[in-house]
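# Geometric and topological summary
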Amino acid sequence: MKGVKDDHFNADDSCEAFAENREWGARITEASLVPPVTRKNEVLDHYVIVADQEEVKRKMQVSIPDEYKEKLDVQKSGADESDMENPEVKDYKPRKQLGDEVLEQEVYGIDPYTHNMLLDLMPEELDWPRSDKLVFIEDVFLRTLNKQARTFTGTEQAPVNCPDDNYVAYRKGLGVVCNKEGGFDKDDFVVGFMGEVYPACKWFEKQDGIRSLHNHSKDPVPEFYHIYLERPKGDADGYDLVVIDAMHKANYASCICHSCRPNCEEKVIAVEGRYQIASQTSDYSGQSLVGDLMPLRSQEKSEDLVADKIYWQS
């Protein structure tokens, strides 16, 4: 990164001379780039129920089924072929402290096209196996890039790679990075996903209303920062659903980006008698924290970027 400018850069102008007839992977278009504007929201440390408070509380209440331990053992063994997922009961654990164990900062990545180009253009005399090349690009290179990009957080400016080098790093907005020496261990609790809680019917009414207002507008439909909290079918009261929206009221969990190769897992757990969505590490994590959010969201389309051992999505 050698310069700063306030407007979007054109991803289509670089690297084309190298493409020839090879399939280099997807390119990120100018329309998909994230502008240097940081989302503002009210910080929460608890759920805020927006409508039908008693109904939502009931839906989030944990009801342990009969013979719970036996059913859980069967589920873990894989012998149960049904889809009756049982509640996962956990002890309370404090979240990782923002500004200490984790940081919220601007994060950057490269698209698959640039990733494959860098992989292909590495000097043959290095004689590295493919695994070592991937570690260099997806760990060393991108971790260094994001450390340098940290200073741009909140400046409403974006660092842009020098066009002469033909390598472009794309801004992905705010992300969450590990700030603990040595990283986090596997299955380490990070944070619960907080926000405004809607019963499903009220949430879909809200979405439909917003979209209808934008049908004849040139402005894009606003982004939704929401996750579905699904009560497990194995709960004694059966399956149910509420929606947690982190657009205006949230904690840093809403900045954990999606990845096709996550190092965090977002899951519904039962803590102190109530269901919540928790982020916990699924692998050793010493870099940006990312999870597989697609099963919990209703996003139609996103584009992959490589960043810190993962593929980021908008």
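Residues numbered from 1 in each chain as written. Predicted model: local features only at pLDDT ≥ 70, side-chain atom pairs only at ≥ 80, totals over all residues. Heavy atoms only, no water.

- The name an unreviewed UniProt entry gives the protein is SET domain-containing protein, with Heracleum sosnowskyi as the organism.

## Description of the pattern of salt bridges
- In this structure the tally under the stated criterion is 9 salt bridges.
- In this structure, the salt-bridge partner of Lys 267 is Glu 88, at a minimum N-O distance of 3.1 Å. In this pair, Lys 267 sits in strand β14 (residues 264-271) while Glu 88 sits in the loop between α3 (68-77) and β4 (89-90), placing the two residues 179 residues apart along the sequence.
- Classification of Lys 267 by relative accessible area gives buried; the value is 16%.
- Given a relative accessible area of 25%, Glu 88 falls into the partly exposed group.
- Among the salt bridges present, the one from Asp 240 reaches Arg 231, with a minimum N-O distance of 3.8 Å. In this pair, the class of Asp 240 matches that of Arg 231, namely buried.
- Members of the salt-bridge network, linked through shared partners, are Glu 55, Lys 59, Arg 231 and Asp 240. (Salt bridge = Lys/Arg side-chain N within 4 Å of Asp/Glu carboxyl O. Helix = DSSP H or I, 4+ residues; strand = E, 2+ residues; numbered from the N terminus. Buried < 20%, exposed > 50% of the residue type's maximum accessible area, 1.4 Å probe, protein only.)

## A word on the pairing of strand β5 (residues 102-109)
- Most of β5 sits inside the fold, with 7 of its 8 residues counted as buried.
- Note that β5 and strand β7 (residues 170-178) share 7 bridges and pair antiparallel. When the bridges of β7 are listed, Val 102 appears paired with Cys 178. (Pairing = 2+ DSSP bridges.)

## A closer look at the layout of surface pockets
- Reported here for the second largest pocket is a volume of approximately 500 Å³.
- In terms of lining, the second largest pocket is formed by 23 residues, of which the most central are Tyr 92, Lys 93, Phe 189, Val 271 and Gln 276.
- Elements represented by at least two residues in the lining of the second largest pocket include exactly β8 (189-192), β14 and β15 (274-281).
- Residue composition of the lining of the second largest pocket, grouped by class: 9 nonpolar, 6 polar and 8 charged. (1 Å grid on protein atoms, 1.4 Å probe; cavity = no way out; pocket = protein on both sides within 12 Å on 5 of 7 lines; lining within 4 Å. Points joined across faces, edges and corners; volume = space filled by probe spheres on them. Nonpolar A, V, L, I, M, F, W, Y, C, P; charged D, E, K, R; others polar.)

## Here's the deal with a nonpolar patch on the surface
- A cluster of nonpolar side chains, Leu 126, Trp 128, Val 135, Phe 136, Val 140 and Phe 141, forms an exposed patch at the surface whose accessible area comes to about 480 Å².
- By secondary structure assignment, the location of Phe 141 is in helix α5 (residues 130-149). (Patch = residues over 30% accessible without salt bridge, like charges linked within 9 Å, V, L, I, M, F, W, Y side chains within 5 Å. Areas by Shrake-Rupley, 256 points an atom, 1.4 Å probe, with all protein chains shown as cover.)

## As for the side chain of Asp 245
- By the secondary structure assignment, Asp 245 is in strand β11 (residues 240-245).
- There is a polar contact of 3.3 Å between the side chain of Asp 245 and the side chain of Lys 206.
- One polar contact links the side chain of Asp 245 to the main-chain amide nitrogen of Met 247, over a distance of 3.2 Å.
- Discounting residues that sit within four places of it in the chain, Asp 245 has contacts with Gly 195, Glu 196, Tyr 198, Trp 203, Lys 206, Tyr 225 and His 226. (Polar contact = N/O pair within 3.5 Å; in protein donor to acceptor, adjacent residues only side chain to side chain. Contact = heavy atoms within 4.5 Å.)

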